[in-house]
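The residues making up each chain are set out below.
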Amino acid sequence: MKKILLILLFSFFIKVQAQEIKSYTWDAVPSFQNIPQEYKKLPAIVLFDKRWVHTRINTNMYGFAKFKMEHFAVKINEASEISKYNKVTADDNTDIRDTKDFHARVIKPNGEVRVLSESQIVNSDIKNVKSTVFEGVEKGDILEYYFIVKENPTSNGIEIYQKDAPVLHAEFTLTDSGTAASRVFASSEFKDNHIKNKEFFTADNIAPLVNEKNSKKFKNLVKVLYLITGTPQAMRDKQWVIFFKEYIKFKPYAFSNSEVKKLLEKLDLKNKTTDEKLIILDDYIKSHYESYSQGESLRRDVKLLDGKGKLRHDDFMYLYKYSLETLKIPYEIIATEDRFMGELDDEMMTFYEFTDFNFYIRETNKYIFPNTGYSPYGNPSYEFQDTKAKGYDAKKKENTTIFIPVIASDFTKNETESIVTLNADLSKVTIEKKISNTGYTAELIRYAYNDVANNEEKKDLTDLVKSLAMDDVEVNLLEHTAENLEFKNNFTNTPFIINSKLESVESFTEKAGNLLMVNLGKVLGSQNNLYQENTRKTDVDLKYAREFHNKIIFNIPKGYQVDHYDDLVIDKTMKYDETKNCSFKSTVKIVDNQVIITIDEKYKAINYPKEVYQEYRKVFNASADFNKGSIVLKPIKKK
């Protein structure tokens with residue numbers, strides 16, 4: 001009898017939890033908090049953005065379902081904002097089973113409430129999904145809506161609250177029932193609240209979204225991420241100490257361990273150092289096997305020994321794992337996350353979508369990135385620099401933590417030498433340009449060049465070379481060659497070199513009386529600038545520390561001499577930590593009938609705090625200033 005009673009009570013509790021979200025409604029009389037003075041003149045203000053997700057999972061009693069509620073209100077101060085907010089769809093994903101409720105209304109400045117009729121809320125192009133359009137909206141109106149949808153349960157979700165307009169109040173509630181277990185990971189702007197056994201998160205006065213160059217855009221967003229598992233035990237299994245023990249039990253799809261052993265015999269790695277073994281292995285794998293494209297059918301016909309076939313992402317991991325174990329090289333599997341996306345949770349494995357799995361070889365203090373085609377064994381991939389990785393030592397059966405370093409700027413160098421000659425009409429130029437890249441830039445460009453070069457579209461390759469040589473400057477590519485194309489050059493950081501000959505389509509000169517101004521700064525190609533970005537909301541985060549070393553040799557045309565070149569002499573150094581400074585310096589000298597310009601630009605760090613932004617900005621803008629600079633020529637007076 002007791003058992004039956006407990007089951008009935010449990011079933012009742014599940015239904016009550018689900019019913020609570022399904023019976024959600026708005027206040028009959030709209031009520032909104034006062035708008036702060038600093039927001040009153042903005043084009044739009046989000047008055048509140050409330051969201052609630054409830055998941056129930058119970059195979060025996062009440063089935064699987066996820067209910068989601070969104071309640072939103074925005075005040076329109078400028079007519080230009082109406083189109084951003086007057087179209088609403090209950091949701092646009094593929095998990096919707098039904099739209100349970102959908103209501104919308106307009107509150108006029110005089111307090112009049114106009115509720116949209118049921119006929120104005122229609123089925124969208126997606127089955128079981130409803131949508132509406134607020135018609136007749138005017139400046140000063142408040143648009144308010146809420147909807148409740150029933151979905152198939154998902155393992156996780158993301159709710160982004162930050163918008164182009166400020167958000168006065170944001171709220172997120174996550175509940176579960178049955179065997180489901182849930183967990184919330186909210187931005188620091190949110191406060192955790194508890195009322196009557198109900199947990200919800202709130203944030204007030206969320207600043208408008210600002211799109212800034214070199215920013216951790218996704219990581220910096222004000223958002224909530226949540227995790228759902230089918231049982232509390234499944235949630236506990238996500239703790240790193242448990243997760244890795246299961247993760248290392250993976251099995252390959254397309255090959256066996258014995259095939260891996262034969263491959264290693266073929267590679268003949270005996271009597272070689274650990275570094276040599278891993279360089280040979282990594283080069284072979286990255287040069288011979290391809291990854292499946294998304295949606296492509298999987299096959300088991302990969303031929304490891306022939307170096308042919310395609311592998312799943314997981315299979316690349318298995319191939320390296322089996323190889324390391326056969327070669328008896330101690331390794332740690334590490335979970336890493338792109339620093340522009342977020343940070344790994346210290347306690348548990350959360351979102352597969354944001355997590356990469358790689359290898360750390362403690363003996364050599366180097367890394368292997370199985371699924372990053374351009375990254376060689378050695379330094380960390382650039383997106384993981386200055387992050388903390390969670391690891392697992394398979395041999396010692398213990399969890400580890402690895403702090404991934406920042407690689408110095410002299411590893412990644414972009415060097416160019418340009419010989420510039422004015423054409424006979426003294427308006428256009430011919431440029432012989434040598435581009436030499438090392439480090440992260442070389443890895444990326446070498447990979448891209450090979451990929452494009454293997455396509456049938458020759459125009460794509462021409463466009464790539466023109467972009468690398470003279471970005472955003474209209475030129476004709478007359479000829480080019482490339483050196484050190486092979487992936488193996490990544491291991492030795494051998495420069496990837498492109499030699500090109502280009503002819504300008506647009507004019508490089510301008511006449512002023514008898515003077516001839518030659519825009520030599522344009523030889524570098526278009527340069528990004530921060531002229532309009534006077535303030536900074538977020539830190540400056542660069543992909544990697546790097547250096548630019550450019551040399552321009554200009555052949556002075558016959559009958560002319562240099563009058564002045566002041567625009568091309570720039571010296572900017574950041575007043576900051578000497579070990580992390582950035583700088584730009586260009587010098588000019590005249591030797592015989594040539595003008596020789598050298599430009600050195602360095603960014604020694606990957607992060608510059610917003611507090612030193614103005615110092616960073618003056619250096620960053622220096623290349624754009626140089627780009628506009630000209631050398632002035634004047635006719636040589638006849639004796």
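As a starting point, this report considers the structure included with it.

Conventions we followed
- Position numbers for residues count from 1 along each chain, tracking the sequence in the order it is written.
- Residues qualify for local features only when their pLDDT is at least 70, as the model is predicted, and side-chain atom pairs are given and counted only at 80 or more; totals for whole chains, interfaces and linings, by contrast, use all residues.
- To get the side-chain values, all heavy atoms of the structure are used, and hydrogens and water are removed first.
- Numbering of helices and strands starts at the N terminus; helices are DSSP runs of H or I of at least 4 residues and strands are runs of E of at least 2.
- Categorising residues by exposure relies on relative accessible area from a 1.4 Å probe, with only protein chains included: less than 20% of the type maximum marks a residue as buried, more than 50% marks it as exposed, and the intermediate range marks it as partly exposed.
- In this analysis, two residues are considered to be in contact whenever any of their non-hydrogen atoms come within 4.5 Å of each other.
- Areas reported here follow the Shrake-Rupley algorithm with a probe of radius 1.4 Å; residue values treat only the protein chains shown as occluding.
- His is not counted, nor are the chain ends, whereas Lys and Arg count as positive and Asp and Glu as negative.
- Charged side chains are reduced to one point each, which is NZ for Lys, CZ for Arg, CG for Asp and CD for Glu.
- The convention used is that axes are lines fitted to C-alpha atoms, helices contributing only their stretch in contact, and that angles between N-to-C directions extend from 0 to 180 degrees.
- The scheme is simple: roughly parallel for angles under 35 degrees, roughly antiparallel for over 145, roughly perpendicular for 65 to 115, oblique for anything else.
- All amino acids are sorted into three groups, where Ala, Val, Leu, Ile, Met, Phe, Trp, Tyr, Cys and Pro are nonpolar, Asp, Glu, Lys and Arg are charged, and the leftover types, Gly among them, are polar.
- Strand pairing is assigned whenever DSSP detects at least two bridges linking the two strands.

1. Section: the overall build of the protein
A tally of regular secondary structure across the protein gives 12 helices and 35 strands. Counting only C-alpha atoms and orienting by the principal axes, one finds that the protein spans roughly 115 × 75 × 50 Å. Across the 639 residues that make up the protein, the buried fraction comes to 50%. Long-range pairs, those at least 24 residues apart, make up 74% of the contacts in the protein between residues at least 6 apart in sequence. Taken as a whole, the protein presents about 32,300 Å² of accessible surface, with 48% of it coming from carbon and sulfur. In the protein, which carries 94 positive and 95 negative side-chain charges, the distance between the mean positions of the two groups comes to 2 Å.

2. Quick notes on the packing of helix α9 (residues 439-453) against helix α10 (residues 458-470)
Two numbers describe how α9 lies on α10: the axes approach to 8 Å, and their chain directions differ by 155 degrees. With respect to their mutual orientation, α9 and α10 come out roughly antiparallel. Residue-level inspection shows Ile445, Ala448, Tyr449, Val452 and Ala453 of α9 in contact with α10, the latter providing Lys458, Asp460, Leu461, Leu464, Val465 and Leu468. Split into classes, the residues belonging to the contact of α9 with α10 amount to 9 nonpolar, no polar and 2 charged.

3. What about the sheet that holds strand β9 (residues 156-160)?
The strand order across the open sheet built from 3 strands is β9-β14-β11, with neighbouring strands paired in antiparallel fashion. Of all strands in the sheet, those with a lone pairing partner are β9 and β11 (181-186), marking the two edges. Put simply, the sheet's adjacent strands are angled 15 degrees from each other on average, direction ignored. As paired strands, β11 and strand β14 (residues 223-229) are joined by 6 bridges and run antiparallel to one another. Paired with Ser182 across the bridge in β14 is Ile228.

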